[in-house]
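# Structural characterization, general
Letter by letter, the chains look like this.
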Amino acid sequence: MERESRIARWLRRRAGHGTAEPSDPGSPAQGRGTGGRRWGGRGNRPAAAAEAARDRETLLLAAAGAGFPLAPAAHPSGYGCSCVRIGCPTPGRHPVSFAWQTQATTDRAQVERWLRAEPEANFITATGRAHDVLDVPAEAGYAALAVLEERERAAGPGAEPELGPVALHGGDRMLFFTKTRGTPEDEDEWWPCELDSHPETMEEHPGLRWHCRGSYVLLPPSRLPDTAEGVHWLRPPQEGDALPEPLALLETLTDACAEYAVTVEGLEQHTPWPVR
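An account of the accompanying structure is given in this report. (Residues numbered from 1 in each chain as written. Predicted model: local features only at pLDDT ≥ 70, side-chain atom pairs only at ≥ 80, totals over all residues. Heavy atoms only, no water.)

### Some remarks on the overall build of the protein
Heads up, the rule is: Only DSSP runs of H or I covering at least 4 residues are called helices, and only runs of E covering at least 2 are called strands; the numbering of each starts at the N terminus. Whether two residues are in contact is decided by their heavy atoms: any pair within 4.5 Å suffices. Surface exposure here means Shrake-Rupley accessible area, sampled with a 1.4 Å probe, where a residue is shielded only by the protein chains that are shown.
Counting its regular elements, the protein contains 7 helices and 12 strands. For the protein, restricting intrachain contacts to residue pairs at least 6 apart in sequence, the fraction spanning at least 24 positions comes to 72%. Here the protein displays about 16500 Å² of accessible surface, and carbon together with sulfur accounts for 53% of that area.

### Focus: the state of the cysteines
For clarity, the cut-off: The criterion for a disulfide is a pair of cysteine sulfur atoms lying within 2.5 Å. To sort residues, take the accessible area from a 1.4 Å probe on protein chains only and compare it with the maximum for the residue type: under 20% means buried, over 50% means exposed, and anything in between is partly exposed.
Tallying each qualifying case throughout the model produces 0 disulfides. Free cysteine: C88, not disulfide-bonded; nearest cysteine sulfur from C83 at 3.8 Å. Judged by relative accessible area, which is 14%, C88 ranks as buried.

### Quick notes on the sheet that holds strand β12 (residues 227-235)
To summarise the sheet geometry, strands pair through backbone hydrogen bonds and adopt either a parallel or an antiparallel arrangement. Basically, it comes down to this: Any two strands are treated as partners once DSSP identifies two or more bridges connecting them. Note on method: axes are straight lines fitted to C-alpha atoms, helices fitted across the in-contact stretch only, with angles between N-to-C directions ranging 0 to 180 degrees.
Here we have 7 strands laid out as an open sheet, ordered β8-β9-β5-β7-β6-β12-β11, and mixed in their pairing. Each having just a single partner strand, β8 (196-197) and β11 (222-224) make up the two edges of the open sheet. As paired strands, strand β6 (residues 166-169) and strand β7 (residues 173-178) are joined by 4 bridges and run antiparallel to one another. When the bridges of β7 are listed, V166 appears paired with F176. Contacting β5 (132-137), β6, β7 and β12, helix α6 (residues 138-154) runs over the sheet at an angle of about 40° to β7.

### Overview of the pattern of salt bridges
Applicable threshold: Should a side-chain nitrogen of Lys or Arg be within 4 Å of a carboxyl oxygen of Asp or Glu, the pair is scored as a salt bridge.
Summed over the entire model, instances satisfying the criterion amount to 9 salt bridges. In this structure, E112 engages R108 in a salt bridge whose closest nitrogen and oxygen atoms are separated by 3.3 Å. Note that E112 and R108 are positioned in helix α5 (residues 108-117) at a spacing of 4 residues, about one turn of the helix. Residue E152 pairs with R235 through a salt bridge whose shortest N-O separation is 2.9 Å. Separated by 83 residues along the polypeptide, E152 in helix α6 and R235 in strand β12 bring together distant segments of the chain. Within this structure, D135, R173 and R209 form a network of salt bridges that share partners.

### Topic: the packing of aromatic side chains
Stated precisely, the cut-off is as follows: Any two of the Phe, Tyr and Trp rings considered here, Trp counted by its six-membered ring, make a pair once their centres fall within 6.5 Å; the pair's planes then place it as stacked at under 30 degrees, edge-to-face at over 60, or tilted in between. A ring is scored as having a charge over it whenever the NZ atom of a lysine or the CZ atom of an arginine sits within 6 Å of its centre and within 35 degrees of its normal.
Going through the model one piece at a time under the given rule, you end up with 4 aromatic pairs. When the centroid spacing of 4.9 Å and the interplanar angle of 75° are considered together, the rings of W100 and Y216 count as edge-to-face. Of this pair, W100 sits in helix α4 (residues 100-103) while Y216 sits in strand β10 (residues 216-219), and the two are 116 residues apart along the sequence. Pair check on accessibility: W100 and Y216 agree, each one buried. Ring centres 6.3 Å apart and planes at 50° place the aromatic pair W114 and F123 in the tilted group. Counting every residue linked through ring pairs, the aromatic cluster contains F68, F177 and W233. When the ring centre of W210 is taken as reference, the NZ or CZ atom of R181 above it lies at 4.7 Å.

Rendered as structure tokens:
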């Protein structure tokens, strides 16, 4: 069957070339033959891929320059994950190495080496070191973003930042980058929070998640296996820009998440924050 299929395709191509009618020199159809396809389609693919790779590298290096520690992550491969783990629970969404917390770096040369070694790799940024991430459902995120951008416009010169970088994850989650709560030397001073999110507890946080020490998020631009949207910036980081305090965003985000929970069907399954 495979041989017949190939032969049939070959015959159709031959028939197409043999019966094609000449077009007027000025017709839009001129140049759509094999030569037009070669130069207008396939011939442009390497150039487009190279440009996309340069844009991707620029975004990742800009994030590292803004102080976000990066580490390589798995990427979509076929219908699964590049880690080739059978039944991978988070395809294309997890770090390559179990040592990602110590591996994560802002060193430009190291990031470039990773990019050369694995051009298709996604990247994560480790939270709780230079920044935290408040992660909310996209619908709630858009509502909160409008409020925070309005405050930002109204703020005078020298005011504390109301908003920092913001990314959209797969079209269903929005990531707000903030200053970190830090890592106190005295563990007794560590501020526990019911919103804290770690890789193994993601499903327990359907509303607002707080990625701090011991957690990470996929960094734009990353590809996801089940959506064409991937992870991309709505507000990219800028080197030298200060990040907002997390508590300054928390009230606005929790209000938006509470409103989102009320409007979503199955209220008992959608809470704005974890329930003890």
